[in-house]
Amino acid sequence: MPPPSPLPATEPARDCALCPRLVALRDELRDQFPDWWNAPVPAFGDRDAWLVIVGLAPGKQGANRTGRSFTGDDSGALLYATLGTFGLAEGQYAARPDDGMALRGAMIVNAVRCLPPHNKPTPEEIRTCRRFLDAPIAALPAARIFIALGEIAHRSTVKALGGRLPKARFGHLAEHRLPGGRVLIDSYHCSRYNTNTGRLTTAMFEAVFARALEVKAELDAAQ
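Residues numbered from 1 in each chain as written. Predicted model: local features only at pLDDT ≥ 70, side-chain atom pairs only at ≥ 80, totals over all residues. Heavy atoms only, no water.

**Student:** Is there a simple way to explain the pairing of strand β6 (residues 145-149) in this structure?
**Tutor:** For a regular strand, side-chain orientation follows a simple rule: the groups alternate between the two sheet faces. Of all the 5 residues making up β6, 5 are buried; the element is thus mostly covered by neighbouring parts of the structure. Every second residue of β6 is oriented toward a common face, with Ile 145, Ile 147 and Leu 149 on one face and Phe 146 and Ala 148 on the other, all of them buried. Of the pairings in the sheet, the one linking strand β2 (residues 51-55) to β6 comprises 4 bridges and is parallel in character. Note on β6: the bridge partner recorded for Ile 53 is Ile 147. Of the strand pairs in this sheet, β6 and strand β8 (residues 182-187) are connected by 5 bridges, and their pairing is parallel. Residue Leu 149 lies in a different strand from β8, and its bridge partner there is Ser 187. (Buried < 20%, exposed > 50% of the residue type's maximum accessible area, 1.4 Å probe, protein only. Helix = DSSP H or I, 4+ residues; strand = E, 2+ residues; numbered from the N terminus. Pairing = 2+ DSSP bridges.)

What follows is the structure, given as structure tokens:
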């Protein structure tokens, strides 16, 4: 079982029925793999987070199976290693929800909480699930810096933070100042496809988190 959500009041119900297509896939996988998580994946991290990392959606063999974001597939290895490099994670990532990993100063939440067919949520599913991005953001008063992993996460985060998409265009390492003094930094998603093709390297990914720490220092100094 995954660790309990740090923000339980913000989570969708385990049998959330808002998106029929996602419910149908969930029911199918519950029949095929009854020992998998097969439910909306909760937020994972530190209630006092200053940094929020927004992913796309659970992977079939990853979070949909294990119940913890970015756990059990290739994307998690790079993400958790990078968080450890920058002092945002403690413990040894072992691709299991009970491996003892803990985040410090960071929270991970997905733009879409349930597994979408072919990893492609529809625009309506993204809009429907935005309430489950709005809620944890509102519950994290210390969160000032956000990292969006991929364009869908970028678009959802801009909207959740009250920004305007025509003025906030996605691009790797693009930086956006949004209402309330909050800052969004974009990254290509740490998917196996992106890393295998060289679209995203470890150095490129680490540069995003290095910049997040620089922005934090700038904001702290300005207070």
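**Student:** Please clarify how the nonpolar core should be interpreted in this entry.
**Tutor:** A general trend in soluble globular proteins is that nonpolar side chains are found buried together. In terms of nonpolar packing, the biggest core is built from 31 residues, with Leu 51, Tyr 80, Leu 83, Ile 108 and Phe 209 touching the most fellow members. Mapped by element, the contributors of at least two residues to this core are β2, α3 (74-85), β5 (106-110), β6, β8 and α8 (202-222). Of all the elements, α8 adds the most residues to this core, at 6 residues. Setting aside chain neighbours within four positions, we find Leu 51 in contact with Leu 88, Gly 105, Ala 106, Met 107, Ile 145, Phe 146, Ile 147, Phe 209 and Ala 212. Formed by 22 residues, the second largest nonpolar core is a distinct cluster that contains Leu 7, Ala 43, Val 54 and Leu 178. (Core = buried A, V, L, I, M, F, W, Y, C linked by side-chain atoms within 4.5 Å. Contact = heavy atoms within 4.5 Å.)

**Student:** Would you mind showing me how to read the state of the cysteines here?
**Tutor:** Formally, a disulfide is one covalent bond, and it connects the sulfur atom of one cysteine to the sulfur atom of another. Scanning the entire structure with this criterion turns up 0 disulfides. Of the cysteine sulfurs around Cys 19, a residue in no disulfide, the closest is that of Cys 129, at 6.3 Å. (Disulfide = S-S within 2.5 Å.)

**Student:** Can you walk me through the pairing of β2 in this structure?
**Tutor:** Taking burial as the measure, the 5 residues of β2 include 5 buried ones, the bulk of the element. Side chains Leu 51, Ile 53 and Gly 55 of β2 all project onto a buried face; the interleaved residues Val 52 and Val 54 project onto the opposite face, where all are buried too. In this structure, β2 lies alongside β5, joined through 5 bridges in parallel fashion. Bridged to Ile 53 within β5 is Ile 108.

**Student:** When you look at the sheet that holds β2 in this model, what are you seeing that I'm missing?
**Tutor:** Each strand in a sheet pairs with its neighbour through backbone hydrogen bonds, running either in the same direction (parallel) or in the opposite one (antiparallel). An order of β1-β5-β2-β6-β8-β7 is seen for the 6 strands of this open sheet, with the pairing classed as mixed. Edge positions in the open sheet fall to β1 (44-45) and β7 (175-178), since each of these has one partner strand only. On the sheet, helix α6 (residues 151-160) packs against β2, β6, β7 and β8 and is oriented at approximately 145° with respect to β6. (Axes fitted to C-alpha atoms, helices over the stretch in contact; angles between N-to-C directions.)

**Student:** Looking at this model, I keep getting lost on the pattern of salt bridges. Mind explaining?
**Tutor:** As a working rule, side chains carrying opposite charge can pair if their charged atoms are close by. Considering all chains together, one arrives at 15 salt bridges under this definition. The salt bridge partner of Arg 21 is Glu 125, with a shortest N-O separation of 2.9 Å. With Arg 21 in helix α1 (residues 20-32) and Glu 125 in helix α4 (residues 123-129), this residue pair connects regions lying 104 residues apart in the sequence. We classify Arg 21 as partly exposed; its relative accessible area is 34%. Between Arg 211 and Glu 175 there is a salt bridge whose closest N-O contact spans 2.7 Å. Pair noted here: Arg 211 is in helix α8 and Glu 175 is in strand β7, with a separation of 36 residues, a long-range link. With a relative accessible area of 19%, Arg 211 lands in the buried category. (Salt bridge = Lys/Arg side-chain N within 4 Å of Asp/Glu carboxyl O.)

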